[in-house]
Number of protein chains: 2
Amino acid sequence: MLPFSLKEYKKRLDQTKKSMLERGIEVLIVTNPANMNYLSGYNSWSFYVDQMLIVIVDEDQPIWIGRKMDANAAKATTWLYHENIIPYPEDYVHSKIKHPSEFAAQILTQIGQSKSRIGLEMDSYYFSAQSYECLKKNLPNAIFSDASLLVNYVRIVKSDQEIEFIKRAAKIVEIGMQTAVNSIQEGVRECDAVANIYGDLIRGTSEFGGDYPAIVPMLPAGENTSTPHITWTDKKYTNNQMVIIEIAGCYQRYHSPLARTVSLGKPSQEALDVSKIVVEGLNAALEAVKPGATCEELEIAWSKVISKHGIVKDSRIGYSMGLNYPPDWGEHTASIRRGDLTVLQPNMTFHLIPGLWFDNYGIEISESFRVTETGCEVLTNFPRQLFVNESHNLQV
Amino acid sequence: MLPFSLKEYKKRLDQTKKSMLERGIEVLIVTNPANMNYLSGYNSWSFYVDQMLIVIVDEDQPIWIGRKMDANAAKATTWLYHENIIPYPEDYVHSKIKHPSEFAAQILTQIGQSKSRIGLEMDSYYFSAQSYECLKKNLPNAIFSDASLLVNYVRIVKSDQEIEFIKRAAKIVEIGMQTAVNSIQEGVRECDAVANIYGDLIRGTSEFGGDYPAIVPMLPAGENTSTPHITWTDKKYTNNQMVIIEIAGCYQRYHSPLARTVSLGKPSQEALDVSKIVVEGLNAALEAVKPGATCEELEIAWSKVISKHGIVKDSRIGYSMGLNYPPDWGEHTASIRRGDLTVLQPNMTFHLIPGLWFDNYGIEISESFRVTETGCEVLTNFPRQLFVNESHNLQV
């Protein structure tokens, strides 16, 4: 049932331990579900309760600690020996008197790690401030340090098999985006368009099925295109609306995001012009991709194009992406923005999403790409343009 | 665009302030997106970056702090004056050198709250240990306390309009469950069944569209029915598999969860017997629902039935639910389990999900219900039984 070879998991673990040693960390408590999956294979929608993977520098295998009800999932999805899967009893779940981190502290104490230098993912969604306080209280002699993105940085360069998974996700998002362009029509309810898109993202292709993307489809319409993270309503699309579509295909938790914009009815000349600027800037950034370039250089290539047209934009235009769980498919490591000096290496993967938002509309046209040995491989094959859907008369 | 009246939001805020006063809290930092929505209306998939609502006991309106890119969403979805919507600059997002909580601390200092008694949601998914450390460092004279479930407990009794929303979600889940029972057939890929179900949950009814449920459809099949939180694969269903379906309808972020089990092919006598025990136990628990009863009493009613049949189960069998965001539709307040002495009140809403899992299969048959003035109202109308789908010959 493991999606990757045991050899690949062990390599990931070795790289993690190397990074731990560099930072003087003896025990790493991994709570980010993408990092748990990356190191052990663990894959289950159980991150709404406390769970962790404990990596110890001088132990061959990590230890999984989670809810008793999920121990079978750990046995089914990980490469760990069953004795390394340690469940806490059910009465720790959403309890006001017990906390799973008390249980974890007891385990760490039993295995002689109560005085160790322990790294914590302080910025993980699924490691609460309460867990943190609980660990500090129950392990008073441990020395804690922040190891928030330690595993995320190990993940930043993908293996060839990970790239294959991301390419499958790219095939899926091409299908989903075509469905979006077909479905978003005057008189169609937003929820009905999303239902079609979401269905197709999960259906995948006839060779491989889709997984749930870490973010739901984003389809802000009309004035809401200036509010990029608002989700859908049950209103009907009307003529002369702009609709932004930001979705991802997902295969075995690996993502390929993609954004396009649809104009319902003839767009204004300004919107057409802006869409061309976005594409010109996107292309310029993609052309700047090569091993050795920095993330910042891609943003500069984009900025040069838009500033030539008198436009200034201060948010980042992309981020490293791949394996993930809700609420984000971004990896929180490299960002394509001014000041990010991350050096591009082959098999890094990014979502380059240079949107331009104005007071009452916005345009996003994005690509996901892989850094190759010599330049850039765009992962999806989908026309890079503003789509115009005339009333009851589809034009792609 | 507000789904509830201004009067309802103000009532919620007043109840929150009352609870703050009882606990000696002057300033409450709300980071749980369901609580942010409940108090302000704020609704956007932006919780993957730091954001908060600050409730101050002697101020009429809360303050929204979030990413600059999301300030338009706050203007579009909340009842707050625009001057109470305070965005932090984009370079705080996923930065290694700046943290949004530094920005929030500066705002709190500017408005004279740097020495206040501040309540924090220490157990919120979207309030990180890093945010906590950052607030403590930047507000050294503030007195922090844990206010994790303060707003959740205000939410536990629903208004009539909230009940109406939950009932709409119940209509949606009935459609989704019928699609599930129809779609799960020998030879169908799991992902294709989920695509149908998910599509219908989002499509909703012709009168009202569906929203994204806080948890993706859970459909563990075969041996995986003993691993309740594993998600789907692209394998085909085979004859003689059991498939558990746990889904929720969602309307404007309000949920109605429902679980059923399908047997592909003739079930074993044991599985049939177990399904009847689950229904008998479920019915006994529902009959115990009335204002004044405790959550524990429902679990005892269930346990009496199953122990009569020689079965012991140690996990909880339900939880308070309603408004929520990923990763959980549960409210983390009352649980239907031994030791939970929460007293039932009219308009509390629960998901009662008494599953029985064995080594190689499991059965779940659940209901969502509302406590009425005199007893219990089951929210969905769907046959309470094990469904049997014979090969290519649907039997409901």
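All figures in this text were calculated on a predicted structure; none of them were measured in a lab.

**Re the relation of the copies chain B and chain A**
Both copies of the chain are related by one operation, a rotation about an axis with a shift along it. Superposing chain B onto chain A takes a rotation of 180° plus a shift of 0.0 Å along the axis, which leaves an RMSD of 0.0 Å. Expressed as a symmetry operation, the mapping of one chain copy onto the other fits a two-fold axis. Relative to the rotation axis, the closest C-alpha in chain B is found at Ala129 of chain B, a distance of 2.1 Å.

**Description of the environment of His94 of chain B**
The topology assignment puts His94 of chain B in the loop between strand S4 (85-88) and helix H4 (100-110). His94 of chain B sits in the buried class, given a relative accessible area of 16%. Considering only alpha carbons, one finds His94 of chain B and Val49 of chain B, 45 residues apart in sequence, at a separation of 7.6 Å. With residues up to four places along the chain from it excluded, the contact list for His94 of chain B reads Tyr125, Arg316, Asp328, His332 and Arg337 of chain A together with Tyr48 and Val49 of chain B.

**Things to note about the packing of helix H9 (residues 269-287) of chain A against helix H10 (residues 295-308) of chain A**
In helix packing, the relevant descriptors are the interaxial angle and the interaxial distance, both defined with respect to the helix axes. Residues and elements named next belong to chain A. Across the interface, H9 lies against H10 with an axial gap of 8 Å and an inter-helix angle of 150°. Judged on the interaxial angle alone, H10 and H9 are roughly antiparallel. As for how H9 packs across H10, the hand of that crossing is right-handed. Each of Ile277, Val278, Glu280, Gly281, Leu282, Ala284 and Ala285 in H9 lies in contact with H10, whose residues at this interface are Leu298, Ala301, Trp302, Val305, Ile306 and Lys308. Classifying every residue of the contact of H9 with H10 by side-chain character gives 10 nonpolar, 1 polar and 2 charged.

**Description of the packing of aromatic side chains**
The full count for this structure, using the stated rule, is 41 aromatic pairs over all chains. Ring plane angle 40° and centroid distance 4.9 Å describe the contact between Phe4 of chain A and Phe165 of chain A, whose orientation is recorded as tilted. Taken together, the positions of Phe4 of chain A in the segment before helix H1 (6-22) and Phe165 of chain A in helix H7 (residues 160-183) put the pair 161 residues apart, joining distant regions of the chain. The exposure class assigned to Phe165 of chain A is buried, which follows from its relative accessible area of 5%. Note on Tyr88 of chain A and Tyr92 of chain A: the rings are 5.8 Å apart at their centroids and 65° apart in plane angle, and the pair reads as edge-to-face. For the pair shown, Tyr88 of chain A and Tyr92 of chain A are each scored as buried. Its guanidinium or amino end placed over the ring of Tyr325 of chain B, Arg253 of chain B lies 4.8 Å from that ring's centre, counting from NZ or CZ.

**What about the state of the cysteines?**
Under the definition given, this model contains 0 disulfides over all chains. As a non-bridged cysteine, Cys191 of chain A has Cys250 of chain B as the owner of its nearest cysteine sulfur, 12 Å distant. The class for Cys250 of chain B is buried, based on a relative accessible area of 0%.

**A look at the interface of chain B and chain A**
At the interface, 78 residues of chain B touch 78 residues of chain A. Here chain B and chain A share an interface that buries about 6,300 Å² over both sides, 54% of which is from carbon and sulfur atoms. Of all residues in chain B, Trp45, Tyr48 and His229 of chain B bury the most surface against chain A, accounting for 12% of the area lost on that side. Where chain B touches chain A, the interface holds 0 salt bridges. Our count for the contact surface shared by chain B and chain A stands at 44 residue pairs in polar contact (both at pLDDT 80 or more). Secondary structure elements with two or more residues in the side of chain B that touches chain A: helix H3 (71-77), helix H5 (129-138), helix H8 (190-203) and strand S10 (330-335) of chain B. Examining the composition of the side of chain B that touches chain A, we find that 9 residues originate from one element, H8 of chain B, more than from any other. Taken together, the residues of the side of chain B that touches chain A break down into 33 nonpolar, 25 polar and 20 charged.

**Some details on the domain arrangement of chain A**
Residues and elements named next belong to chain A. According to the domain assignment, chain A contains domain 1 (6-155) and domain 2 (160-389). Taken over C-alpha atoms, the centre of domain 1 sits 33 Å from the centre of domain 2. In this complex, domain 1 contributes 17 residues to the contact, which on the side of domain 2 involves 15 residues. Between domain 1 and domain 2, a total of about 1,400 Å² is buried, with carbon and sulfur atoms accounting for 52% of that surface. If you sort the residues of domain 1 by the area they bury against domain 2, Trp45, Tyr125 and Arg155 come out on top, with a joint share of 31%. In this structure, the connection of domain 1 to domain 2 is made through 2 salt bridges. Counting across the interface, domain 1 meets domain 2 through 6 residue pairs in polar contact (both at pLDDT 80 or more).

**Some remarks on the packing of H7 of chain A against helix H8 (residues 190-203) of chain A**
Residue and element names in this part refer to chain A. Taken N-terminus to C-terminus, the directions of H7 and H8 make an angle of 165°; their axes are 8 Å apart at the nearest point. On the basis of their axis angle, the class for H7 and H8 is roughly antiparallel. By crossing handedness, the relation of H7 to H8 is classed as right-handed. Contact residues: H7 offers Ile172, Val173, Ile175, Gly176, Thr179, Ala180 and Ser183, while H8 offers Ala193, Asn196, Ile197, Asp200 and Leu201. Looking at side-chain class alone, the contact of H7 with H8 contains 7 nonpolar, 4 polar and 1 charged residues.

**Focus: the nonpolar core**
Grouped together as the largest cluster of nonpolar side chains are 208 residues, with contacts concentrated most on Trp64, Ile65 and Ile184 of chain A together with Trp64, Ile65 and Ile184 of chain B. When neighbours within four sequence positions are excluded, Ile65 of chain A is seen to be in contact with Gln51, Met52, Ile54, Ile86, Tyr88, Phe103, Ala104 and Ile107 of chain A.

**Quick word on the sheet that holds strand S7 (residues 242-251) of chain A**
Residues and elements named next belong to chain A. If you trace the 3 strands from one edge of the open sheet to the other, you get S7-S8-S16, paired in mixed fashion. With one partner strand each, in any of the chains shown, S7 and strand S16 (386-389) form the two edges of the open sheet. Here the average twist between neighbouring strands, direction ignored, is 35°. Note that strand S8 (residues 254-264) and S16 share 4 bridges and pair parallel. Along S16, the bridge assignment pairs Leu264 with Asn389.

**Points about unusual backbone geometry**
Following Pro326 of chain A, the chain continues into Pro327 of chain A via a peptide bond in cis, with omega recorded as 15°. Structurally, Pro327 of chain A is set in the loop between strand S9 (318-321) and strand S10 (330-335). Unlike most non-glycine residues, Asn347 of chain B shows phi in positive territory, near 70°. The topology assignment puts Asn347 of chain B in the loop between S10 and strand S11 (349-352).

Thresholds, definitions, all that
- Residues numbered from 1 in each chain as written.
- Chains lettered and ligands numbered in written order.
- Predicted model: local features only at pLDDT ≥ 70, side-chain atom pairs only at ≥ 80, totals over all residues.
- Heavy atoms only, no water.
- Least-squares fit on C-alpha atoms with pLDDT ≥ 70 in both.
- Helix = DSSP H or I, 4+ residues; strand = E, 2+ residues; numbered from the N terminus.
- Buried < 20%, exposed > 50% of the residue type's maximum accessible area, 1.4 Å probe, protein only.
- Contact = heavy atoms within 4.5 Å.
- Axes fitted to C-alpha atoms, helices over the stretch in contact; angles between N-to-C directions.
- Parallel < 35°, antiparallel > 145°, perpendicular 65-115°, else oblique.
- Left-handed = near helix turned anticlockwise from the far one by under 90°.
- Nonpolar A, V, L, I, M, F, W, Y, C, P; charged D, E, K, R; others polar.
- Phe/Tyr/Trp six-rings, centres within 6.5 Å; stacked < 30°, edge-to-face > 60°.
- Lys NZ or Arg CZ within 6 Å of the ring centre and 35° of its normal.
- Disulfide = S-S within 2.5 Å.
- Buried area = accessible area lost by both parts, 1.4 Å probe.
- Salt bridge = Lys/Arg side-chain N within 4 Å of Asp/Glu carboxyl O.
- Polar contact = N/O pair within 3.5 Å; in protein donor to acceptor, adjacent residues only side chain to side chain.
- Domains from an automatic or database assignment.
- Core = buried A, V, L, I, M, F, W, Y, C linked by side-chain atoms within 4.5 Å.
- Pairing = 2+ DSSP bridges.

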